[in-house]
Amino acid sequence: MADVDDLIRRVSLKALSVEGKLPPTAGVEELVQAEKLLGFPLPPVLARLYREVANGGFGPDYQFFPLLGEGRTAVSVYLEERSMSLSCDAAFWPAGVLPILDWGCGMYAAVDCQSSEGAVLLFEPNPIDNDDWHLAWFVDSKSLINWLETWLSGRGWYEEDADGGGDMQPWEMARARLSEGG
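What this report covers is the structure whose coordinates are included nearby.

The rules behind the values
- Per chain, the residues get numbers from 1 upward, laid out in the order the sequence is written.
- Local features in this predicted model are restricted to residues of pLDDT 70 or higher, and side-chain atom pairs are both shown and tallied only at a pLDDT of 80 or more, whereas totals for entire chains, interfaces and linings draw on every residue.
- To obtain the side-chain values, all non-hydrogen atoms of the structure were used and water was disregarded.
- By the convention used here, strands pair only if DSSP detects at least 2 bridges between them.
- For the purposes of this entry, the term helix denotes a DSSP run of H or I that reaches at least four residues, the term strand denotes a run of E that reaches at least two, and both are numbered from the N terminus.
- What makes two residues a contact is simply this: any of their non-hydrogen atoms within 4.5 Å.
- For every element, the axis is a line fit to its C-alpha atoms; helices are fit only across the contacting stretch, and the angle between N-to-C directions ranges from 0 to 180 degrees.
- We call Phe, Tyr and Trp rings a pair once their centres come within 6.5 Å, taking the six-membered ring for Trp, and we label the pair stacked below 30 degrees between planes, edge-to-face above 60, and tilted otherwise.
- Think of it in three bands: with a 1.4 Å probe and only protein chains considered, a residue is buried below 20% of the maximum accessible area for its type, exposed above 50%, and partly exposed in between.
- Between 65 and 115 degrees an angle is taken as roughly perpendicular, under 35 as roughly parallel, over 145 as roughly antiparallel, and anywhere else as oblique.
- The residue classification treats Ala, Val, Leu, Ile, Met, Phe, Trp, Tyr, Cys and Pro as nonpolar and Asp, Glu, Lys and Arg as charged. All others, Gly included, are polar.
- What the arc measures is the spread of directions leading from the helix axis to the C-beta atoms.
- To qualify as a nonpolar core, a set must consist of buried Ala, Val, Leu, Ile, Met, Phe, Trp, Tyr and Cys residues joined through side-chain atoms within 4.5 Å.

### Some points on the sheet that holds strand S2 (residues 107-112)
Then, in step 1: A sheet is described by the order of its strands in space; here five strands give the open sequence S1-S2-S3-S4-S5, paired in antiparallel fashion. Strands at the two margins of the open sheet, each flanked by one partner only, are strand S1 (97-104) and strand S5 (169-170).
Then, in step 2: On the sheet, helix H4 (residues 74-87) packs against S1 and S2 and is oriented at approximately 100° with respect to S1.

If you want it as C-alpha cells, here you go:
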C-alpha cells in the first residue's frame with residue numbers, strides 16, 4: 001500500500017501546486033451515498049482520491065468531477081448518461097463505467113469500476129455513425145494508477161508538449177458491456 005500512499009501524496013501535491021486551493025474532500029457519508037446511488041463500489045484508489053485529495057477540482061485539463069454536490073458530478077453525469085443510453089435503440093454507456101472528467105465536445109474520461117485495476121477509458125462519440133457505440137470507447141490506461149502517473153509526469157495525450165504517445169487502443173470489452181444493458 002506504500003506505493004498507493006505515495007501516489008496519493010504526489011497527486012495531492014501536484015493538485016495543490018496547480019490549483020492553489022482545492023475543494024474539501026468527500027466524507028465517508030458522501031462516498032457511501034454515491035456508491036448507493038451508483039449501485040456499485042468505487043475502486044479503492046478512486047475512493048481515496050475523493051477522500052484524501054479533494055472532492056473533484058484537480059487532475060488533467062478540465063479536472064475531476066466532484067463525486068456528489070451541486071452542478072455536474074460524477075454520479076449525476078453517470079446516472080444521466082445511463083438513463084439516456086437505456087432509452088435509446090443502441091446503448092452507448094455501459095453499467096459500472098463512471099465518468100470522472102469531461103474533456104469537452106462530448107468526450108469523457110471514465111473509470112471502469114468493474115475492472116480490477118480501475119481501467120481509465122476514453123469515450124469519444126464524435127465520429128460515430130449508425131449507433132456503433134462500441135467504436136466510441138478506447139483504453140486510455142489499463143489502470144487508474146498508471147493514468148495518474150502519466151498525468152503526474154506530464155506525458156498524457158492531452159498535454160500540449162506530449163509526443164502523441166501513439167494511438168489509443170479500442171476497448172475490446174465495449175460491445176459485450178454495452179449489450180449487457182442494465
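Next, the rest of the story.
### Observations concerning the packing of aromatic side chains
One pair of aromatic rings is described through two measures. These are the centre distance and the angle between the planes.
Then, in step 1: For the coordinates displayed, the defined rule picks out 16 aromatic pairs.
Then, in step 2: Between Trp93 and Trp137, the aromatic rings sit 4.8 Å apart at their centres with planes inclined by 70°, giving edge-to-face as the arrangement. Of this pair, Trp93 sits in the loop between H4 and S1 while Trp137 sits in strand S4 (residues 137-141), placing them 44 residues apart in sequence.
Then, in step 3: The exposure class assigned to Trp93 is buried, which follows from its relative accessible area of 0%.
Then, in step 4: Take Trp137: its relative accessible area is 0%, and that puts it in the buried class.
Then, in step 5: Counting every residue linked through ring pairs, the aromatic cluster contains Phe65, Phe92, Trp93, Tyr108, Phe123, Trp133, Trp137 and Trp171.

### So, the packing of helix H3 (residues 44-53) against helix H5 (residues 144-153)
Then, in step 1: Taken N-terminus to C-terminus, the directions of H3 and H5 make an angle of 50°; their axes are 9 Å apart at the nearest point. Comparing the axis directions of H3 and H5 gives the class oblique. For the pair H3 and H5, the contacting residues are Val45, Leu46 and Leu49 in the first and Leu144, Ile145 and Leu148 in the second.
Then, in step 2: Looking at the contact of H3 with H5 residue by residue, the classes come out as six nonpolar, no polar and no charged.

### Points about H5
Then, in step 1: Of all the positions in H5, only Leu144, Trp147, Leu148, Trp151 and Leu152 are classed as buried. Taken end-on, H5 shows its buried residues confined to a sector of 140°, consistent with a single buried face.
Then, in step 2: Taken from the residues just after H5, Gly154 is the one with a positive phi, measuring 75°.

### Structural notes on the nonpolar core
Then, in step 1: With 60 residues, the main nonpolar core has Leu42, Leu46, Leu49, Trp137 and Trp147 as its most contacted residues.
Then, in step 2: In contact with Trp137, other than residues within four places in its own chain, are Phe92, Trp93, Pro94, Val97, Ala110, Leu121, Leu122, Phe123, Pro170, Trp171, Ala174 and Leu178.

### Observations regarding the packing of helix H2 (residues 28-38) against H4
Then, in step 1: The contact between H2 and H4 brings their axes to 10 Å, and the two run at 5°. By the angle between their axes, H2 is roughly parallel relative to H4. In this structure, H2 contributes Ala34, Leu37 and Leu38 to the contact, and H4 contributes Val75, Tyr78 and Leu79.

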